[in-house]
Amino acid sequence: MDYIEIIVVFFNIVICIPTLASITKLDYWWIRDFDFPRIQISVLICFNIIAALFVYSFED
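Residues numbered from 1 in each chain as written. Predicted model: local features only at pLDDT ≥ 70, side-chain atom pairs only at ≥ 80, totals over all residues. Heavy atoms only, no water.

Trainee: For this particular structure, what's the right way to read the overall build of the protein?
Mentor: Along the protein, the regular secondary structure elements total three helices and zero strands. Counted from the first residue to the last, the protein has its helices and strands arranged as α-α-α. Whereas a compact globule of 60 residues would reach a radius of gyration of roughly 10 Å, the protein reaches 14 Å, over 25% beyond that. Here the C-alpha coordinates of the protein stretch approximately 45 × 20 × 20 Å along the principal axes. Counting over 60 residues, the protein shows a buried share of 17%. If you take every contact in the protein between residues at least 6 apart in sequence, the share linking residues at least 24 apart comes to 52%. Looking at the protein as shown, the accessible area adds up to about 5200 Å², and 73% of this sits on carbon and sulfur atoms. (Helix = DSSP H or I, 4+ residues; strand = E, 2+ residues; numbered from the N terminus. Rg over C-alpha atoms; globule rule 2.2 N^0.38 Å. Buried < 20%, exposed > 50% of the residue type's maximum accessible area, 1.4 Å probe, protein only. Contact = heavy atoms within 4.5 Å. Areas by Shrake-Rupley, 256 points an atom, 1.4 Å probe, with all protein chains shown as cover.)

Right under this line is the structure:
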């Protein structure tokens, strides 16, 4: 793996944490804080998908 691929994978993991935390039923304040920036998280996910399309090779 190139270092760019590692960065994209790391960014995927970082984005998944608030996404998964916001859909839980837990009522802690630090988890509920992820409910508010949903649009910003969605934009980051879109940028990450575009970056993954350029970084990863989908050829056999």
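Trainee: When you look at the environment of I23 in this model, what are you seeing that I'm missing?
Mentor: Along the polypeptide, I23 turns up in the loop between α1 (3–22) and α2 (29–32). On the basis of relative accessible area, I23 is assigned to the exposed category, the value being 59%. Each C-alpha atom of the pair I23 and A52 lies 24 Å from the other, and the pair is 29 residues apart in sequence.

Trainee: Before we go on, may I ask you to explain the pattern of salt bridges in this structure?
Mentor: Think of it this way: side chains of opposite charge can pair up when their charged atoms draw near. If you walk through the whole model with that rule in mind, you get two salt bridges. Among the ionic pairs, R32 bridges to D35, the shortest N-O distance being 2.8 Å. The salt bridge involving R38 is made with D35; its shortest N-O contact spans 3.4 Å. By relative accessible area, which is 43% here, R38 ends up partly exposed. On the accessibility criterion, D35 (22% relative accessible area) is partly exposed. One network of salt bridges, in which partners are shared, links R32, D35 and R38. (Salt bridge = Lys/Arg side-chain N within 4 Å of Asp/Glu carboxyl O.)

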